[in-house]
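Structural characterization, general
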Amino acid sequence: MKKQKYYVVWVGANPGIYTSWTDCQLQTKGYEGAKFKSFDTRQEAEEAFTSSPADYIRPADMSFRTKPSVPVLPPGLTGNALAVDAACSGNPGMMEYRGVHLPSFQQVFHFGPVYGTNNIGEFLAIVHALALLKQKGWDMPVYSDSRNAISWVKQKKCKTKLPRDNRTEKLFQLIERAEKWLNENSYTTHVHKWETEKWGEIPADFRRK
């Protein structure tokens, strides 16, 4: 029996989650700039649909070709900054995240792998960056390509639907620590959305997509 697939359409005639390739094509075929991807489970599809397609689709997979092949620095960035990103082998799967300094492109921190999701990794990466900058007394902005993770940080809550069980207990302890830090600390660091469409992949990208 053929395994059920779930198709997320972020940009198309009618964005949503579809259970057949035919329905997905009806929403995307001939639609300029369409963004869509298949997932193995409904949970993965639902989590992806609430996230940015840039978290799941590499430039070569997109129907348009506007992304630069080499990352560039954000316009107006004249000083230092941190770019953060996460990677996940499967979603959920083995996840890791890191922070990269701009403009030197040197890795500043790295964590993982641990079982989790890409969105959780993006969230933890931002909080890690905020905590590190405050600890060191460094004044620089943080860039993330995940609108979802940025929103979670602003709300001081990781709103994942990933079940908490023996496999994910370690990850949820990290999430609780990150949420605790957000609730107990103030910071002046600005967290910006990395505009992948204009600037290419974020420099912290793991280049495995």
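The paragraphs below set out a description of the structure included in this document. For every chain, the first residue of its written sequence is number 1, and the numbers climb from 1 along that sequence. Reporting of local features is limited, given that this is a predicted model, to residues whose pLDDT is at least 70; pairs of side-chain atoms are given and counted only at 80 or more, and all residues count toward the totals for whole chains, interfaces and linings. Only hydrogens and water are set aside; all other atoms, that is, all heavy atoms of the structure, feed into the side-chain values.

1. Things to note about the sheet that holds strand E4 (residues 81–89)
Strand order in the open sheet made by the 5 strands is E6-E5-E4-E7-E8, with mixed pairing throughout. In the strand order of this sheet, the two ends are held by strand E6 (107–116) and strand E8 (191–193), each with one partner. Adjacent strand axes in the sheet meet at a mean angle of 25 degrees, parallel and antiparallel pairs treated alike. For two strands to pair, DSSP has to find at least two bridges joining them. Put simply, DSSP H or I for four residues or longer makes a helix, DSSP E for two residues or longer makes a strand, and each gets a number counted from the N terminus. Strand direction decides the pairing type here: E4 and strand E7 (residues 142–144), joined by 3 bridges, are parallel. Note that in E7 the partner of valine 84 across the bridge is serine 144. In this analysis, two residues are considered to be in contact whenever any of their non-hydrogen atoms come within 4.5 Å of each other. Every axis in this analysis is a line fitted to C-alpha atoms, fitted for helices over the stretch in contact. Angles between the N-to-C directions lie between 0 and 180 degrees. Contacting E4, strand E5 (93–102), E6, E7 and E8, helix H3 (residues 118–136) crosses the sheet at an angle of about 150 degrees to E4. Sheet strands in contact with helix H5 (residues 169–184) are E5 and E6, and its direction is about 135 degrees off that of E6.

2. Observations regarding the pairing of E6
In this structure, E5 lies alongside E6, joined through 7 bridges in antiparallel fashion. Across the sheet, residue tyrosine 97 finds its bridge partner in E6, namely phenylalanine 111. Between E5 and E6, which follow one another and run antiparallel, lie 4 residues, and phenylalanine 105 among them has a positive phi close to 65 degrees.

3. A look at H5
Multiplying 1.5 Å by the helix residue count minus one yields the expected span of that helix. In this model, H5 (16 residues) spans 22 Å end to end at C-alpha, consistent with the 22 Å of a helix rising 1.5 Å per residue. Residues of H5 that are buried make contact with E5, E6, H3 and helix H4 (147–155).

4. Observations regarding the environment of glutamine 4
Note on placement: glutamine 4 falls in the segment before strand E1 (6–11). On a C-alpha basis, the gap between glutamine 4 and aspartate 40 in space is 7.0 Å, while along the polypeptide they are 36 residues apart. With sequence-adjacent residues up to four places away left out, glutamine 4 is seen in contact with Thr19 and Asp40. Within 3.5 Å is the distance limit for a polar contact, defined as a pair of N or O atoms, with the added protein rule that one can donate a hydrogen and the other accept it, and that residues adjacent in sequence qualify only through two side-chain atoms. Polar contacts involving the side chain of glutamine 4 include one to the main-chain carbonyl oxygen of threonine 19, which spans 2.8 Å.

5. With respect to the packing of aromatic side chains
Aromatic rings from Phe, Tyr and Trp, with only the six-membered ring used for Trp, were paired whenever their centres fell within 6.5 Å, and each pair was classed as stacked if the ring planes differed by under 30 degrees, edge-to-face if by over 60, and tilted otherwise. Inspection of every chain in the model, using the stated rule, returns 12 aromatic pairs. Seen from their ring centres, tryptophan 10 and tyrosine 56 are 5.9 Å apart, and the 25 degrees between their planes marks the pair as stacked. Pair noted here: tryptophan 10 is in strand E1 and tyrosine 56 is in the loop between helix H2 (42–49) and E4, with a separation of 46 residues, a long-range link. Three labels apply to residues, based on accessible area from a 1.4 Å probe with only protein chains included: buried if under 20% of the type maximum, exposed if over 50%, partly exposed otherwise in between. Using a relative accessible area of 9% as the deciding quantity, one classes tryptophan 10 as buried. Residue tyrosine 56 is classed as buried on the basis of its relative accessible area of 10%.

6. A closer look at H3
Compared with an ideal rise of 1.5 Å per residue, which puts 19 residues at 27 Å, H3 spans 27 Å between its outermost C-alpha atoms and is within 8% of the ideal. When you tally the buried positions in H3, you get 14 out of 19 residues, the bulk of the element. Looking one or two residues beyond H3, the residue adopting positive phi is glycine 137, at roughly 75 degrees.

7. Considering the packing of H3 against H4
One can describe the packing of H3 onto H4 by two numbers: an axis separation of 8 Å at closest approach and a directional angle of 55 degrees. One way to sum up the angle between H3 and H4 is to call them oblique. Viewed along their axes, H3 and H4 form a crossing whose handedness is right-handed. Here Asn119, Ile120, Glu122, Phe123, Ile126, Val127 and Leu130 of H3 come into contact with H4, specifically with Asn148, Ala149, Ile150, Trp152 and Val153. Across the contact of H3 with H4, the residue classes tally to 9 nonpolar, 2 polar and 1 charged. Should an angle fall under 35 degrees it is taken as roughly parallel, and over 145 as roughly antiparallel, whereas 65 to 115 is taken as roughly perpendicular and any remaining angle as oblique. Handedness of a crossing is defined here by the sense of rotation of the near helix relative to the far one, left-handed for an anticlockwise turn of less than a right angle and right-handed for a clockwise turn. Asp, Glu, Lys and Arg are counted as charged, while Ala, Val, Leu, Ile, Met, Phe, Trp, Tyr, Cys and Pro are counted as nonpolar; the rest, among them Gly, fall into the polar class.

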